[in-house]
Amino acid sequence: MSERNPSGASGSTVSISELAGYFERAVGEERAAALVAEACGELGLGFGPLGHEQARSVLDRLTRREGLIGIVAGFALGRLHFARTVKSGKQFGEAS
Amino acid sequence: MWYESFSPRQEKEIGMKTHVCTGSVAGTPSTAATAILEQIRQADPESDPVLVAIFASPSLPLVDLVPPLALALPRTVVISASTAGELTEAGDTKGAVAFFALRGDFLVEAGLGRGLGKDVRKAVSEAIGDGVGKTEGYEDRVSILLLDALSGRGEEAVLVAATLLGDAKLVGGAAGDDLAMAAAFVGLGTEIAQDAVVLATIWSHNPFGVGISHGHEPHSVPLTVTDAEGSVVRTIDGMPAWEAWKLHAGSLARDQGFPEFAAMSPSDETSFLLRYEAGLAAGSEVTVRAPLSRTADGALHFACGIPQGSVIRITESTPESQIASALEAARRARVDLGGRPVAGALIFDCICRNLILGDRFGAVAVAMSRELGGVPIAGFESYGEIALDAGDLSGFHNTTTVVLAFS
């Protein structure tokens with residue numbers, strides 16, 4: 001299976017487009033970009049690269065949405081954590 | 001929750017060869033159950049399968065068909081789904097049953113969760129239960145999800161399962177009801193339920209091969225979902241969703257021989273909606289979303305959530321691209337096994353593809369078996385297909401072929 005994994009390219013920061021990528025397959029790229037922009041705006045974040053904690057806070061904010069969006073955000077949080085764990089060489093279960 | 005598990009190591013030596021037995025039977029639920037049992041036992045009178053999957057038309061209700069089978073195979077995990085058509089390596093059927101029986105050194109755990117529409121997290125959690133955990137010596141696993149997509153929670157259920165299972169490979173399909181769009185059922189053992197989800201996890205020493213492909217392309221201009229709640233889309237670009245579909249896909253439908261809208265029967269309307277589905281753009285790819293039915297006020301019901309503000313494109317496909325995509329899915333599953341021979345495969349294939357391919361659909365099933373090495377295959381025509389691997393970001397699809405190959 002081949003689907004784009006925005007987390008795969010992440011380094012120490014996460015771009016807005018990477019975050020939106022988590023939502024694209026489920027809600028489409030236009031809505032995905034709007035969702036992330038809305039959440040960034042609500043949190044007073046700019047649209048430049050985000051630190052991991054900021055990225056987590058954006059996804060966490062979106063987990064509060066009803067229905068599919070909240071579920072996708074929860075799934076994305078796990079994927080973001082996984083990407084960081086792999087990147088840093090940490091084992092599962094270690095504090096991040 | 002209903003939960004079952006079985007370890008063949010209690011009786012069998014580790015390393016026993018994988019064997020798949022499939023078949024298609026018709027008749028009454030009682031005679032069909034008897035015939036399936038006979039064929040399973042003829043394949044190997046000495047051992048019971050670790051897993052049996054039953055895919056049955058609503059004309060053979062699971063509640064009548066499956067419990068006698070499950071009771072006759074107490075050491076086998078029996079999962080089931082109602083269908084909109086069935087397929088095996090011999091072709092496709094309507095109004096019949098396809099079965100898949102797996103023998104070999106596998107561990108199988110399965111659960112059933114109810115109330116998918118009301119509380120997707122609770123239902124999926126129930127289906128997963130406490131039993132899933134890595135089992136020593138069995139390095140590979142795959143989880144099969146069967147669910148009732150008429151609950152409107154297809155994608156939600158897959159993502160919740162993926163979140164809870166971690167890095168598991170997920171495949172499966174949404175139960176059908178011969179396009180009535182009224183009631184779809186899934187089952188585990190003697191338990192059969194509507195608005196439910198079944199999750200069966202299979203552990204193996206050998207890899208599983210998964211292939212997925214679809215052949216749809218965007219046709220319409222971008223359309224914005226202007227009023228939606230859950231899986232119900234009320235308006236698109238400010239007009240009733242059904243009117244938007246007629247406006248943007250009507251000419252295509254007429255070219256393909258659909259009757260004028262005023263003359264369409266409910267069945268024609270369902271076929272029209274499933275032929276011209278919604279596409280969500282994700283870069284160069286498209287996620288296909290099937291509108292399953294419409295209401296009198298022009299709202300469309302989908303198999304999973306479509307958030308308000310989403311931008312969709314109505315899609316189309318040709319028979320040629322549907323044939324190519326099915327064979328590509330089979331090829332990918334075979335390649336995913338890394339050169340190991342395929343013992344058999346489960347196929348989750350969209351009813352929409354049957355509507356496009358018509359009489360050629362059965363021949364494509366035969367060709368898929370051939371692509372896999374001439375092995376037994378069994379599956380069903382579904383209302384949604386499930387495939388999600390570690391790293392994937394979505395797992396619920398429509399008008400897609402999903403192949404799970406066993407080695």
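Please read these numbers as outputs of a predicted model, since none were measured by experiment.

Chemist: Please give an account of the layout of surface pockets that cites residues and values.
Modeler: Counted as a void, the largest pocket has a volume near 470 Å³. Considering the residues around the largest pocket, the lining is formed by 23 residues, among which E66, G67, L68 and I69 of chain A together with G230 of chain B are closest to the centre. Among the secondary structure elements, those contributing two or more residues to the lining of the largest pocket are α4 (67-88) of chain A together with α3 (120-128) and β16 (223-229) of chain B. By residue number, the principal contributor to the lining of the largest pocket is α4 of chain A, which donates five residues. In terms of residue class, the lining of the largest pocket is built from seven nonpolar, seven polar and nine charged.

Chemist: Go over the side chain of S220 of chain B, please, and point to the residues and values.
Modeler: Residue and element names in this part refer to chain B. For S220, the location among the structural elements is in the loop between β15 (217-218) and β16. Accessibility expressed as a relative area gives 12% for S220, which makes it buried. Looking at S220, its side chain comes within polar contact range of the main-chain nitrogen of I314, at 2.8 Å. Those residues within four positions of S220 in sequence are excluded, and the remaining contacts are H248, R313 and I314.

Chemist: I'd love a proper account of the pairing of strand β7 (residues 97-103) of chain B, names of residues and values included.
Modeler: All names here are of chain B. Along β7, seven of the seven residues are buried, which leaves the element largely enclosed by surrounding structure. By the alternation rule, side chains of β7 split into V97, F99, A101 and R103 and A98, F100 and L102, which are all buried. As paired elements, strand β2 (residues 19-25) and β7 share seven bridges and run antiparallel to each other. Its bridge partner lying in β7, C21 is registered against A101. By the bridge criterion, six bridges tie strand β3 (residues 51-56) to β7 in an arrangement that is antiparallel. Across the sheet, the residue bridging to A53 is F100, located in β7.

Analysis parameters
- Residues numbered from 1 in each chain as written.
- Chains lettered and ligands numbered in written order.
- Predicted model: local features only at pLDDT ≥ 70, side-chain atom pairs only at ≥ 80, totals over all residues.
- Heavy atoms only, no water.
- 1 Å grid on protein atoms, 1.4 Å probe; cavity = no way out; pocket = protein on both sides within 12 Å on 5 of 7 lines; lining within 4 Å.
- Points joined across faces, edges and corners; volume = space filled by probe spheres on them.
- Helix = DSSP H or I, 4+ residues; strand = E, 2+ residues; numbered from the N terminus.
- Nonpolar A, V, L, I, M, F, W, Y, C, P; charged D, E, K, R; others polar.
- Buried < 20%, exposed > 50% of the residue type's maximum accessible area, 1.4 Å probe, protein only.
- Polar contact = N/O pair within 3.5 Å; in protein donor to acceptor, adjacent residues only side chain to side chain.
- Contact = heavy atoms within 4.5 Å.
- Pairing = 2+ DSSP bridges.

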